[in-house]
Amino acid sequence: MTELDDDAPGGLTGAELTRQRSADLFAVLRDEDAPQASRDAAREGLVRLHLPLVEHCARRFRNRGEPLEDLVQVGTIGLIKSVDRFDLERGVEFSTYATPTIIGEIKRYFRDKGWAIRVPRRLQELRMQIGTATGELTQSLGRSPTARELAEAIGCTVEEIVEGIESSNAYSTLSLDASDDGEDGGAATMLDAIGIEDIGLEHVEIRESIKPLLDRLAPREKKILLLRFFKNMTQSQIAEEIGVSQMHVSRLLNRTLEQLRTSLEQD
């Protein structure tokens, strides 16, 4: 039986039976002398007893793009938190105490789910504060507030205000496949404007490290390297170019490369 039931037999309404059953279970749950198994069973019984309250709260958020089952699951988390925190001496009905927590959990779910890019909850809440403060200050000042005025109104730093405003860009994003003019029909997309990885970047460090080593080489060795690796000439062609034998070119080339390799390893 729950508070949403019709009249129950025995002269008690469904709501009264729920309150009575709830009070009995809370008495067991808060009894430190009771066996742990009994307290665990009482906690589970309280959650089951008030699940209709969660469903009632979840139905308020239907047709907002999320399955009702997911909302009930999220709301149940709020119910469990309420069961664990409820104080019998508060003098209020448990349903009255639990409803704001359940609804708050569901609203938090929508707030987190609505962001296209996950950002810290601190920034999500700050964004909401900035929105509220902006509306109030705009009305009182007759103009848009500055970042410093927002910071003073909310009680944070200007840097935090800037960070909160920038985080708003993560709430909704534009697909990289969208065209620049927002129209279809083969127009250039944002993805087309993004550069690709330059495969030559990985060689920059090596080239910069070799430059001073090349400057130390004798002119003939430097010319052999130039002809071999920059002009792609064969050893035979190099031999004809500088007037030595191919074998000599091979020995010079191997010796120079070994010298450069050793110098790089030492550096």
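Structure's up top.
Overview of the structure. Note that the structure is a prediction, hence the values are computed from the model and not measured.

**With respect to the packing of aromatic side chains**
- The final tally for this structure, using the stated rule, is four aromatic pairs.
- Note on Phe26 and Phe94: the rings are 5.2 Å apart at their centroids and 55° apart in plane angle, and the pair reads as tilted. Remark: Phe94 occurs in helix α5 (residues 94-113) and Phe26 occurs in helix α1 (residues 14-29); sequence separation between them is 68 residues. The pair Phe26 / Phe94 is uniform in exposure class, with both members buried.
- Taken together, Phe26, Phe86, Phe94 and Tyr97 form an aromatic cluster joined through their ring pairs.
- When the ring centre of Phe229 is taken as reference, the NZ or CZ atom of Arg228 above it lies at 5.7 Å.

**Some words on the pattern of salt bridges**
- Under the definition given, this model contains nine salt bridges.
- With its nearest N and O atoms 3.8 Å apart, the salt bridge here joins Glu93 to Arg19. Note that Glu93 is positioned in the loop between α4 (68-85) and α5 and Arg19 in helix α1, a separation of 74 residues in sequence.
- Judged by its relative accessible area of 33%, Arg19 falls in the partly exposed class.
- Across the salt bridge formed by Arg255 and Glu221, the nearest N and O atoms sit 3.1 Å from each other. Of this pair, Arg255 sits in helix α12 (residues 246-266) while Glu221 sits in helix α10 (residues 219-230), placing them 34 residues apart in sequence.
- When salt bridges with common partners are traced through the structure, they connect Lys81, Glu105 and Arg108 into a single cluster.

**With respect to the nonpolar core**
- Grouped together as the largest cluster of nonpolar side chains are 26 residues, with contacts concentrated most on Phe26, Leu71, Leu79, Val83, Phe94, Ile102 and Ile106.
- The set of elements that each furnish at least two residues to this core consists of α1, α2 (36-49), α3 (51-58), α4 and α5.
- Among the elements that line this core, the one with the most residues is α5, at eight residues.
- Beyond its immediate stretch of four places on either side in the chain, Val83 contacts Phe26, Leu29, Arg30, Arg43, Leu46, Val47 and Phe94.
- Residues Leu213, Ile224, Leu227 and Ile238 belong to the second largest nonpolar core, which totals twelve residues.

**What about the layout of surface pockets?**
- Computed from the structure, the largest pocket encloses a volume of approximately 470 Å³.
- Forming the boundary of the largest pocket are 15 residues, of which Ile210, Leu214, Phe229, Phe230 and Leu260 lie nearest the centre.
- When residues of the lining of the largest pocket are traced back to their parent elements, those giving at least two are α9 (204-215), α10 and α12.
- Of the residues that constitute the lining of the largest pocket, the class distribution is ten nonpolar, one polar and four charged.
- By volume, the second largest pocket is sized at about 150 Å³.
- If you trace the second largest pocket, you find twelve residues lining it, with Arg19, Ser22, Ala23, Glu93 and Phe94 closest to the centre.
- If you list the elements that add at least two residues to the lining of the second largest pocket, you get α1 and α5.
- In terms of residues, the lining of the second largest pocket owes the most to one element, α1, which gives four residues.

How each quantity is defined
- Residues numbered from 1 in each chain as written.
- Predicted model: local features only at pLDDT ≥ 70, side-chain atom pairs only at ≥ 80, totals over all residues.
- Heavy atoms only, no water.
- Phe/Tyr/Trp six-rings, centres within 6.5 Å; stacked < 30°, edge-to-face > 60°.
- Helix = DSSP H or I, 4+ residues; strand = E, 2+ residues; numbered from the N terminus.
- Buried < 20%, exposed > 50% of the residue type's maximum accessible area, 1.4 Å probe, protein only.
- Lys NZ or Arg CZ within 6 Å of the ring centre and 35° of its normal.
- Salt bridge = Lys/Arg side-chain N within 4 Å of Asp/Glu carboxyl O.
- Core = buried A, V, L, I, M, F, W, Y, C linked by side-chain atoms within 4.5 Å.
- Contact = heavy atoms within 4.5 Å.
- 1 Å grid on protein atoms, 1.4 Å probe; cavity = no way out; pocket = protein on both sides within 12 Å on 5 of 7 lines; lining within 4 Å.
- Points joined across faces, edges and corners; volume = space filled by probe spheres on them.
- Nonpolar A, V, L, I, M, F, W, Y, C, P; charged D, E, K, R; others polar.

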